[in-house]
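Architecture and fold: a report
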Amino acid sequence: MADPRFFDNHGPFAIAQIASSLGATLEGAGNRMIADTAPLARAAPAHLSFCETAKFKNDLARTQAGAVLVREEMKDFVPASAVALVVRDPLYAYARIARLFYPQADGLHAPTAGFAVHPTAVLHDDIAIEHGAVIAEGTEIGPRSRIGAGAIIGRGVAMGADCVIGPGATVFCAYLGDRVIVHAGARIGQDGFGYARGPGGHVKIPQLGRVILQDDVEVGANTTIDRGAAADTVVGEGTKIDNLVQIGHNTHIGRACILVSQVGLSGSITIGDGVVLGGKVGVADHVTIGSGAMVAARAGVTRDLPAGGVYGGFPARPAAEWRREVAALARLAKGKRKP
Amino acid sequence: MADPRFFDNHGPFAIAQIASSLGATLEGAGNRMIADTAPLARAAPAHLSFCETAKFKNDLARTQAGAVLVREEMKDFVPASAVALVVRDPLYAYARIARLFYPQADGLHAPTAGFAVHPTAVLHDDIAIEHGAVIAEGTEIGPRSRIGAGAIIGRGVAMGADCVIGPGATVFCAYLGDRVIVHAGARIGQDGFGYARGPGGHVKIPQLGRVILQDDVEVGANTTIDRGAAADTVVGEGTKIDNLVQIGHNTHIGRACILVSQVGLSGSITIGDGVVLGGKVGVADHVTIGSGAMVAARAGVTRDLPAGGVYGGFPARPAAEWRREVAALARLAKGKRKP
Amino acid sequence: MADPRFFDNHGPFAIAQIASSLGATLEGAGNRMIADTAPLARAAPAHLSFCETAKFKNDLARTQAGAVLVREEMKDFVPASAVALVVRDPLYAYARIARLFYPQADGLHAPTAGFAVHPTAVLHDDIAIEHGAVIAEGTEIGPRSRIGAGAIIGRGVAMGADCVIGPGATVFCAYLGDRVIVHAGARIGQDGFGYARGPGGHVKIPQLGRVILQDDVEVGANTTIDRGAAADTVVGEGTKIDNLVQIGHNTHIGRACILVSQVGLSGSITIGDGVVLGGKVGVADHVTIGSGAMVAARAGVTRDLPAGGVYGGFPARPAAEWRREVAALARLAKGKRKP
């Protein structure tokens, strides 16, 4: 289900063809055509999906996918509407099939020498394109937006009005709202960091999602925002991101958040509205941070944090608790029993 | 008081006009013309300033500004020489007025397609400009300096002799001394991270200062140095900065310092001469670190550090104390009372 | 012994000439010609080497160098085959002599305006060079490789088949295997962070090594990999590096490792095969991490870590021990004696 603005789908392929390319055991009819891949919860009958572990059993039971990559022990959970493709490692098999559909899935489509601005780009009124900027095919640049010197706007990227893309920044596989500011050298929309274990080592899982930067988002210099793996990476309205921040794939950030410099968000994180993350805060995979939470500089968030609280330390915990521990340790080292 | 090499002032404006654009209550004559904005301590009679909180009462009492944005409860502290503009939130009001004077305050002035080197650039002897470099109007490149491939030198930037600007680096709103080295992808002079709280969310405070890199400064690859908000960000003579370091607005770094990779300095920090900051050290806002201090890798500096000491941990404290705490905790976990 | 693909050697120089440029005391014949510099262990009779401290006494005793920079107290350890050049500070003296041989040792050789692709570049079949890319002299781009928009490939760089160099990335002084992916804005091959103490402050030690990225290496967006000082910085086959990672000079990383975002490796580190470093992990100089070790996010590695273990905390220690300490501290702060 990759966005055709950014990725070319080389399908469809018959299920039998997919099974044979994987050496998979086919449990069902092989002549159905598969048009695309999709996650279990969002798949349609023309899609192939995969079930990595028993953790996703419910999604599997309810999927509308036409074919599913599963382990032997999960095949009885595949609904009747789907063909089961039994493989040893569904994630690795998915990585290979995603590459079959999207062999050029690096998403880095820019024009080759000859065009600085591709003739198919839609350029609205009063835009400025500075020297050395490159604007690829199928892009749309909203009114009064400015593309900085040496900035590169990849194929299909669309941005609204009054955006500023800083010098030397790169924007790929992304939709930007109005008044979005991307500072110098920021990297928007490159591959997320996703690998399956293959027989010969780490195998890249094609990253087929997008980056969505809503209205009034600001992205700092040399910050990196990876595009989603299958879904999108989203930064909500009015959120401000400082320099040298890392935002991993599939992360959703709410509105009016503040992310201070050198924050690192790994993948599939959910952050509410009005959250403040201090400098160098790190957040682990799949964590949720509630709206209005404030996380002190240098904290390491390893578990969900409820909305509205103030947190600090590593692992991040309520700030009062963290401060008590810092004080207790200082007393301990001084040989005192109590304050 | 923005440097006209980098910013275009759209003033002057009459005080009454400013008051009306803000919906501010005017305490005094409205017909005086205001030519610019400036901090309380540096303002002249033709300037508008602002007093954010009572903390700046002394600066307010002594200011020579012609007009000052203040809260109701502070208006009696405004000197007779100034007109008080009473507003709910002086910082937010300042952000709006700074934008009135400097509507294009992003400072990212580079030539649009047509000029790789602007005809007004002053190019001294024996310089090298590599392919794809962009040099904007009003710049000055000193003798024997080299501008790397794809590097971008913004409007008005001046550098001395024997500088090397690495490939793909961007330099805006900055003065560089002699023998300055800026490595590949470093970002010099973009906006600092400064916002006021407005009714609709975070409002950008125009960043009207500069970056000063003195003689023999070296800036690592992909390091980011934000320009000052109203004053300058300064890096002293002979200071060496590693890769992926963040330096926030208004920070002053002394001479012959060493900042190891991934150091993060937030804003308005003062660092003496000969200071060494180990890898990943973070320093909070408005902190002062004395000359000759050494801060161990990964420390988090939250308070002023006296000159000449060795510090570590988070919060950063004398290294001996920090090491005692680490040892005490290890003993505690092992169930031992004493070493 | 700098690779002539990347650096121009301005030698040879007679030993007497070298001694006089340093004001060194010459212990032996001064008429021998020195063709290059090299580390003690790898030097040949035509090379000048240096011995920084008594720690390297064994290397000194065995060196085949024709001349060695030493302190007074070390001169009796110089083998008979070598001329001793007695100086106050051998490292500083080396920095000066390395600059004599390699005056343009910044390694940033890219063509000046006029060539986007240098006519001496060897371009294999089916490569793509996107708009604004710059390819310097003496480079070799393997079949089906793609050079992204605005990417810069420095003098002498060679890469194998099916490589992808992302938009705006820079690659200098490097050899890349097959199927190497370098994401947007990554910086490969700039100077390491190496200085000697001179009378006027920090003096740059010319960085004359290279970067070797073996087959199937992936380098994240805005990651920085410094080239070696005298030896090379090496990333082994199939190793995957996330965004905003720093890799210092002379570091050797094994095969199939995973380095998560914002990891920082200082210099001369040795990492085995299959090592996983979590987000924001930092590793100190000269540390060795054994194959298969896993280091939890945010750990700070200050000592060698044996192969196969799981480690965490700062200083990094076995994860079980680290977790016990975290729990003990929490109990202490709550005033409990035991769990």
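What counts as what
Residues numbered from 1 in each chain as written. Chains lettered and ligands numbered in written order. Predicted model: local features only at pLDDT ≥ 70, side-chain atom pairs only at ≥ 80, totals over all residues. Heavy atoms only, no water. Helix = DSSP H or I, 4+ residues; strand = E, 2+ residues; numbered from the N terminus. Buried < 20%, exposed > 50% of the residue type's maximum accessible area, 1.4 Å probe, protein only. Contact = heavy atoms within 4.5 Å. Areas by Shrake-Rupley, 256 points an atom, 1.4 Å probe, with all protein chains shown as cover. Lys, Arg positive; Asp, Glu negative; His and termini not counted. Charge placed at Lys NZ, Arg CZ, Asp CG, Glu CD. Pairing = 2+ DSSP bridges. Domains from an automatic or database assignment. Buried area = accessible area lost by both parts, 1.4 Å probe. Expected span 1.5 Å × (residues − 1). Polar contact = N/O pair within 3.5 Å; in protein donor to acceptor, adjacent residues only side chain to side chain. Axes fitted to C-alpha atoms, helices over the stretch in contact; angles between N-to-C directions. Parallel < 35°, antiparallel > 145°, perpendicular 65-115°, else oblique. Nonpolar A, V, L, I, M, F, W, Y, C, P; charged D, E, K, R; others polar. Least-squares fit on C-alpha atoms with pLDDT ≥ 70 in both. Salt bridge = Lys/Arg side-chain N within 4 Å of Asp/Glu carboxyl O.

What to know about the overall build of chain A
Each helix and strand in chain A was counted, giving four helices and 38 strands. Each of the three principal axes of chain A carries a C-alpha extent, and together these read 75 × 60 × 35 Å. Buried residues in chain A amount to 60% of all 339 residues. Partitioning the intrachain contacts of chain A with sequence separation of at least 6 by distance along the chain shows that 27% fall at a separation of at least 24. A total of about 12,300 Å² of accessible surface is found on chain A, and carbon and sulfur atoms cover 53% of it. Mean positive and mean negative side-chain charge positions of chain A (33 and 31 charges, respectively) differ by 12 Å.

Comments concerning the pairing of strand β22 (residues 210-213) of chain B
All names here are of chain B. Of the strand pairs in this sheet, strand β17 (residues 174-176) and β22 are connected by three bridges, and their pairing is parallel. Looking across to β22, one finds that Tyr175 is bridged to Ile212. Of the strand pairs in this sheet, β22 and strand β25 (residues 232-235) are connected by four bridges, and their pairing is parallel. Bridge pairing links Leu213 to Val235 in β25.

A few points about the domain arrangement of chain A
All names here are of chain A. The domains assigned to chain A are domain 1 (13-101) and domain 2 (122-321). Of note, the centres of domain 1 and domain 2, computed from C-alpha atoms alone, are 31 Å apart. Counting from both sides, the interface comprises ten residues of domain 1 and, opposite them, twelve residues of domain 2. Of the roughly 820 Å² buried at the junction of domain 1 and domain 2 (both faces included), carbon and sulfur atoms supply 69%.

A short note on helix α3 (residues 90-101) of chain A
Because each turn of an α-helix spans 3.6 residues, side chains separated by three or four positions in sequence point in the same direction. Residue and element names in this part refer to chain A. Look at α3: 16 Å from first C-alpha to last across twelve residues, which is about the 16 Å you get at 1.5 Å a residue. Within α3, nine of the twelve residues are buried, which leaves the element mostly enclosed by the surrounding structure. If you check which residues of α3 are buried, you get Pro90, Leu91, Tyr92, Ala93, Tyr94, Ala95, Ile97, Ala98 and Phe101. Its side-chain oxygen 3.1 Å from the backbone nitrogen of Leu91, Asp89 forms the N-cap of α3.

Some points on the sheet that holds strand β7 (residues 83-86) of chain C
All names here are of chain C. The mixed open sheet is built from five strands, whose spatial order is β2-β7-β6-β5-β4. Strand pairing shows two members of the sheet lacking a second neighbour, β2 (25-27) and β4 (36-37), which therefore form its edges. Relative to strand β5 (residues 47-50), β4 runs parallel, the two being bridged by two bridges. Bridge assignment links Thr37 to a residue of β5, and that residue is Leu48. Those strands touched by helix α1 (residues 15-22) are β2, β6 (67-70) and β7, and its axis lies near 10° from that of β7.

Overview of the sheet that holds strand β30 (residues 264-265) of chain B
Taken in spatial order, the nine strands make up an open sheet running β10-β13-β16-β19-β24-β27-β30-β33-β36 (chain B), and their pairing is parallel. Looking along the sheet, the strands with just one partner apiece sit at the ends: β10 (134-135) and β36 (300-301) of chain B.

Observations regarding the packing of helix α4 (residues 319-333) of chain B against helix α4 (residues 319-334) of chain C
At a minimum axis distance of 9 Å, the contact between α4 of chain B and α4 of chain C shows a crossing angle of 90°. The orientation of α4 of chain B relative to α4 of chain C falls into the category roughly perpendicular. Of the residues in α4 of chain C, those in contact with Leu329, Ala330, Leu332 and Ala333 of chain B of α4 of chain B are Arg324, Glu325, Ala328, Leu329 and Leu332 of chain C. Looking at the contact of α4 of chain B with α4 of chain C residue by residue, the classes come out as seven nonpolar, no polar and two charged.

Some thoughts on the relation of the copies chain B and chain A
Screw-axis analysis of chain B against chain A gives a translation of 0.0 Å along the axis, an RMSD of 0.0 Å, and a rotation angle of 120°. When the rotation and shift are considered jointly, the pair of chain copies conforms to a three-fold rotation axis.

Points about the interface of chain B and chain A
With 44 residues of chain B at the contact, the number on the chain A side is 41 residues. Together chain B and chain A conceal approximately 3,100 Å² of surface at their shared face, both sides included; 62% is due to carbon and sulfur atoms. Our count for the contact surface shared by chain B and chain A stands at one salt bridge. Run the count over chain B and chain A and you get 16 residue pairs in polar contact (both at pLDDT 80 or more).

As for the environment of Gly308 of chain B
Residues and elements named next belong to chain B. Its place among the elements puts Gly308 in the loop between β36 and β37 (310-312). Relative accessible area serves as the criterion here: at 52%, Gly308 is assigned to the exposed category. A C-alpha to C-alpha distance of 20 Å links Gly308 and Val235, two positions 73 residues apart in sequence. The residues touching Gly308, leaving out its near neighbours within four places in the chain, are Gly290, Ser291, Gly292 and Ala293.

Structural notes on the interface of chain A and chain C
Listed by partner, the interface residues are 44 residues for chain A and 41 residues for chain C. Overall, the association of chain A and chain C removes approximately 3,100 Å² of surface from exposure, summing both partners, and the carbon and sulfur fraction of that is 62%. Here chain A and chain C share one salt bridge between them. The shortest N-O distance in the salt bridge between Lys204 of chain A and Glu218 of chain C comes to 2.4 Å. Among the secondary structure elements, those contributing two or more residues to the side of chain A that touches chain C are β21 (201-204) and α4 (319-333) of chain A. Looking at the side of chain A that touches chain C element by element, the count peaks at five residues for α4 of chain A.

Structural notes on the pattern of salt bridges
For the structure shown, the criterion picks out 39 salt bridges over all chains. In this structure, the salt-bridge partner of Arg155 of chain A is Asp8 of chain A, at a minimum N-O distance of 2.8 Å. Taken together, the residues span a long stretch of sequence, with Arg155 of chain A in the loop between β13 (152-153) and β14 (158-159) and Asp8 of chain A in the segment before β1 (13-14) at a distance of 147 residues. On the accessibility criterion, Asp8 of chain A (44% relative accessible area) is partly exposed. For Glu27 of chain C, the salt bridge goes to Lys75 of chain C, with nearest N and O atoms at 3.4 Å. Linking Glu27 of chain C in strand β2 with Lys75 of chain C in the loop between β6 and β7, this pair joins segments that are 48 residues apart in sequence. Via salt bridges that share partners, Asp191, Lys204 and Arg227 of chain A together with Glu218 of chain C belong to a single interconnected network.

Points about α4 of chain C
In this model, α4 of chain C (16 residues) spans 23 Å end to end at C-alpha, consistent with the 22 Å of a helix rising 1.5 Å per residue. Along α4 of chain C, the positions that sit buried rather than exposed are Ala319, Trp322, Glu325, Ala328, Leu329 and Ala333 of chain C. Where α4 of chain C is buried, its residues touch α4 of chain A, α4 of chain B together with β37 (310-312) and β38 (317-318) of chain C. Gly335 of chain C sits one or two positions beyond α4 of chain C and adopts a positive phi of about 80°.

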